[in-house]
Amino acid sequence: MVKHLLFLALFLSASGSAYAVIGDIDNDGIPDAYDNCINTSNPKQEDSDGDGIGNICDGDLNNDGRVDAADQLLFSKAFGSKVINTPLAIKADFNGDGMVDENDKALIDLVWAVYNSSIINDTIAMTNDNFVTNDGLVLKGDIDPNRFFDNKDVDKLRSYLGQRIIHSELMARKADTNRDGVVNFGDLSILNQIYGQNLDPARGDLNHDGRVNFVDMALFNQAYLSNNAATPLGKAIDYNGDGILNFIDQKIFGALFARANGRVAIGDLNNDGKIDSEDVNLLKTMFGKTVFYNNPEIVASDINGDDIVDEKDLAIIIQVASIYLRVMFLNSLNNTFTEQDVAAFNSVYRTGRLSAAADFNSDGIVNTADMAILRKFLYFPPGPATKLPTTGLAPWQIGLLINDSDPYSVAVGDYYRTVRGIPESNIVHLNVPKIVTLTPAQFAPIMEQVDSKLPGYVQAIAIAWVAPYRVKDTSITTAITIHYQPNVFFNELAIPPVPITVGAVYDVRLPFSVLGQRPSMLLAAGSIQAAKALIDRGKASERTYPTGKGFLMKTSDSIRNIRAAIYLKNPIEPYFNPATILGNAIHPSLDVQIKSANSLAYTYGILFYFQGLSKVNDLATNGYLPGAVGDNFTSFGGVLTESWNIQTTALEFINAGLTGSFGTVTEPSADMNKFPNPYTLMKQYTSGKTLIESYWSSVAYIYEGLFVGDPLACPWRR
């Protein structure tokens, strides 16, 4: 606690930066405080793998925190390759960012799907609700549809901006297995024929690239149309093992595809990953239900699948339309797009990122000069580096806590590790009691393990569980951050007369290196699937530079709406001056409003939602952009699972589609110091910092506060 207040006082007078420019040791023109390789000149600051360490002093090609034989092996694979300067590589870099990566892969997958739509229509109609129409198929993005991306699609999408995708009852959509709009005996017959199926998405990954996407769909159709279950691919898609390729296999692949892509898994009514007697019994209860499907053009306009047609979809279609012909001519001159083109792309995609990272001296080729540099690194940790390659913490700086005795924690932790690329050396496996509140004695050995196992370069922590979320009267996120100290602010009379400082303590670039504390955040959601969706939203938010709205709610609850009310008073303090927050004052693409209402309903394009009400209604009716943040100024927003709590919690914000939230785990009283300051949170977030940095910077007294969401969400990363 003394340390906490000491740094609080230290940063009250700080200008916002934790560093001063103190020199340039390697004379490359980059001050040491910002240089990603201090001792070796690298004026261009190349950092191809984005780990915060410049190529010239980073031999850690697999980012596992050490340089060893594994890195030598990776280097040998890249040896002799040139970096994004061959004709094929230049063509494959569709978005022109100098790297053939996942973004280019997504673009070619989309074009491949459209170009082959004549043979995959039937399967898509059975695999993805969003593609079902009454009068033919409309693929996302190809809104006309004419199997091309062009200005007509762009104009069509503009006409649908603001439209929300309407879903009927989820279970009815799952139960309508034959897609005729009503649940009846026909659906029961199909369900009985696919009875006993395991819906592990890996069964749908036909090209073994770790994803189930339109390439797998094209492969399925290729094998299905050949009608030969004896080939390796035919055997792979004969899911029911009857030696025949028929519509039953189509249905099973459809369910696999849907589950892998976070959509409605047809037939799996209870969402347990398999189709069995429970699903059959549930379907019987749905007899007579009708199912609604959207206007197909509106559905096709929702390209990113967030259930609203907005500026993000428009940006995607404009980009795709502009490069469509470039993709078509990837490797051929005959105006056709074939599997050979996809294979040519994959040859660059698999090696492009590695080749760029292995080109240590940035001369455009991986050769013996780079090998000599690599040898200098062997068996030493990478670095040193003090500059992050961009604003915001990177995955290699995040520690991950997994409770091996909690299935939710194991599944969510593994998914976060995979999606975010968290190094294995940053993961701490624990055995934590699955209870709401830990005693200090129970917590002490947990903290000891975390401290002993996390590398020194880890600056913040993701906690992959829902409970425990409290240590005595302190939140688990705060306990882990400050090593649990008695909550001196728990008794309101003990609060010293400290002014509102809006979390100045954590407004530093490297919190563990500077403060010896690692801000923590809970990867909590209502289910494993909901947690995965949260993680996907956080990942999808990366560098989207969104345009959206922020709302401070002025509710009928005069105590809980204090955050909106204080801005209406127009005080002198800059943090609460309306001129500093409303309209576009914080960021040109963010419109902040004070809304006089108890809740928002059917409001779209939301980036920030600050509530002040015991119970918030209509959360799930709104459209939140990836990376959106919202919380509720109420007593028990951090009491996530206890049945006595009737107040709206942070968990409910996450389940409704937001990416970050906050709540207190014990009674905080109506004290602004104990809740996020909207101005600081929005200002930090839109400046390019991650969610965890922004949220922790916005709370002055952090003891009761529970931080929930994806720590690495960073829509404005620069």
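Residues numbered from 1 in each chain as written. Predicted model: local features only at pLDDT ≥ 70, side-chain atom pairs only at ≥ 80, totals over all residues. Heavy atoms only, no water.

A. Broad picture of the packing of helix 8 (residues 185–193) against helix 12 (residues 277–285). Taken N-terminus to C-terminus, the directions of helix 8 and helix 12 make an angle of 180°; their axes are 10 Å apart at the nearest point. As summarised for this structure, helix 8 and helix 12 are arranged roughly antiparallel, according to the angle between their axes. Contacts between helix 8 and helix 12 involve Asp187, Leu188, Leu191 and Asn192 from the former and Asp279, Val280, Leu283 and Lys284 from the latter. The residue inventory of the contact of helix 8 with helix 12, partitioned by class, reads 4 nonpolar, 1 polar and 3 charged. (Axes fitted to C-alpha atoms, helices over the stretch in contact; angles between N-to-C directions. Helix = DSSP H or I, 4+ residues; strand = E, 2+ residues; numbered from the N terminus. Parallel < 35°, antiparallel > 145°, perpendicular 65-115°, else oblique. Contact = heavy atoms within 4.5 Å. Nonpolar A, V, L, I, M, F, W, Y, C, P; charged D, E, K, R; others polar.)

B. Here's a closer look at the environment of Tyr416. Relative to the helices and strands, Tyr416 is located in helix 17 (residues 407–420). Its relative accessible area of 0% is what places Tyr416 among the buried residues. Note: C-alpha distance between Tyr416 and Leu523 (107 residues apart in sequence) is 8.9 Å. If near-sequence neighbours (up to four positions away) are discounted, Tyr416 is found in contact with Leu400, Gly421, Ile422, Ala462, Leu523, Ile535, Asp710, Pro711 and Leu712. Polar contacts involving the side chain of Tyr416 include one to the side chain of Asp710, which spans 2.6 Å. (Buried < 20%, exposed > 50% of the residue type's maximum accessible area, 1.4 Å probe, protein only. Polar contact = N/O pair within 3.5 Å; in protein donor to acceptor, adjacent residues only side chain to side chain.)

C. Just the nonpolar core, in detail. Judged by nonpolar contacts, the single largest core of 82 residues is most densely connected at Ile476 and Leu522. The biggest single contributor to this core is strand 6 (residues 460–464), with 5 residues. In this view, Ile476 contacts Leu438, Phe443, Trp465, Pro468, Tyr469, Arg470, Val471, Leu522 and Leu706; residues no more than four positions away in its chain are not counted. Counting residues in each nonpolar core, the second largest holds 29 residues, with Ile237, Ile248, Phe253 and Met286 among its members. (Core = buried A, V, L, I, M, F, W, Y, C linked by side-chain atoms within 4.5 Å.)

D. The pattern of salt bridges, seen in detail. Counted according to the given criterion, the structure contains 13 salt bridges. For Glu424, the salt bridge identified is with Arg417, shortest N-O distance 3.7 Å. Using a relative accessible area of 53% as the deciding quantity, one classes Glu424 as exposed. Note on Arg417: relative accessible area 25%, which makes it partly exposed. Between Glu542 and Arg717 there is a salt bridge, with its nearest N and O atoms 2.3 Å apart. (Salt bridge = Lys/Arg side-chain N within 4 Å of Asp/Glu carboxyl O.)

E. Representation of the sheet that holds strand 5 (residues 437–438) within the structure. Sheet architecture is open: 3 strands sit in the order 5-7-8, paired in mixed fashion. Every other strand in the sheet has two partners, leaving strand 5 and strand 8 (474–475) as the edge strands with one partner each. (Pairing = 2+ DSSP bridges.)

F. Molecular detail of the confidence of the model for the protein chain. On average, residues of the protein chain score 75 in pLDDT, and 64% of them reach the 70 mark or higher. This stretch, residues 1–22, has a pLDDT under 50; its non-local contacts, to residues over four places away or in other chains, come to 36 contacts. Per-residue pLDDT stays below 50 along residues 117–137; that stretch engages in 54 contacts with residues further than four places along the chain or on separate chains. (pLDDT = per-residue confidence, 0-100.)

G. Fine view of the packing of aromatic side chains. Per the stated rule, a full pass over the model turns up 15 aromatic pairs. Taking 4.7 Å as the distance between ring centres and 15° as the angle between the ring planes, the aromatic pair formed by Phe220 and Phe253 counts as stacked. Taken as a pair, Phe220 in helix 9 (residues 214–226) and Phe253 in helix 11 (residues 247–260) lie far apart in primary sequence, 33 residues in all. Take Phe220: its relative accessible area is 0%, and that puts it in the buried class. Where Tyr685 meets Trp716, the ring centres are 5.6 Å apart and the plane angle is 70°; that geometry is what we call edge-to-face. Of the two residues, Tyr685 sits in helix 24 (residues 678–686) while Trp716 sits in the segment after strand 16 (705–709), which places them 31 residues apart along the sequence. The class of Tyr685 is buried, set by a relative accessible area of 1%. Note on Trp716: relative accessible area 2%, which makes it buried. Between the NZ or CZ atom of Arg518 and the centre of the ring of Phe512, over which it lies, the distance is 3.6 Å. (Phe/Tyr/Trp six-rings, centres within 6.5 Å; stacked < 30°, edge-to-face > 60°. Lys NZ or Arg CZ within 6 Å of the ring centre and 35° of its normal.)

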